[in-house]
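Geometric and topological summary
Spelled out, the chains give:
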Amino acid sequence: MTTHTQTRTSRIARFRTMSVAGIATLGAAAAALTLTSTSAQAAEAAPASASVVKASADGAQGAPGSRGYANNLDGWIKESLAIMKAKGIPGTYEGLHRNIMRESSGNPNAQNNWDVNARNGIPSKGLLQVIQPTFNAYHVAGTAHDLTNPVANITAAANYAAHRYGSIDNVNSAY
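Let us look at the structure shown here. (Residues numbered from 1 in each chain as written. Predicted model: local features only at pLDDT ≥ 70, side-chain atom pairs only at ≥ 80, totals over all residues. Heavy atoms only, no water.)

1. Describing the environment of K125
Note on placement: K125 falls in the loop between α5 (116-119) and α6 (132-138). With sequence-adjacent residues up to four places away left out, K125 is seen in contact with A110, Q111, V130, L147, T148 and N153. (Helix = DSSP H or I, 4+ residues; strand = E, 2+ residues; numbered from the N terminus. Contact = heavy atoms within 4.5 Å.)

And the structure:
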């Protein structure tokens, strides 16, 4: 092969790699826009299974870590799992952690200001990027009624995912 042919082949290979990465990124963005719930979807029928907890107005609890769990991502997940177990909401540490890292990189103050929800005035917030109407509909009693409270955000998102997908463990992309 000549140097010119090798260079051209190398350029084509790099272009193909970049094209595939770009398509994957666009696909993920499109899926995120398509799968993000609207307030109408979040407010539709009550949960169908007994394992999903209906929203409750009571249950404002103390700050994350106030129940003896560490006030960090590991502690928030473990505290959420304890509440989820008590309420019959399915999910595992791995499923929660995987989704949290994809959605917010573990930042409880993360906020999406660019998607369709943000343009409609209801940005996704918190560890699992929940919008306020979804949080209100799937809030779990025993957690703070605060969208950006890490434990409340995790348990509401897991409750929503249980209703919609069977478990947070079944969520592998924007939901």
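Let's pick the thread back up.
2. What about the pattern of salt bridges?
A complete count under the given rule lists three salt bridges for this structure. Of the charged contacts in the structure, one is a salt bridge between R98 and E94, with a shortest N-O distance of 3.2 Å. Taken as a pair, R98 and E94 lie in helix α4 (residues 93-104) at a separation of four residues, close to a single helical turn. Classification of R98 by relative accessible area gives partly exposed; the value is 25%. For E103, the salt bridge goes to R102, with nearest N and O atoms at 3.3 Å. Note on E103: relative accessible area 22%, which makes it partly exposed. Note on R102: relative accessible area 34%, which makes it partly exposed. (Salt bridge = Lys/Arg side-chain N within 4 Å of Asp/Glu carboxyl O. Buried < 20%, exposed > 50% of the residue type's maximum accessible area, 1.4 Å probe, protein only.)

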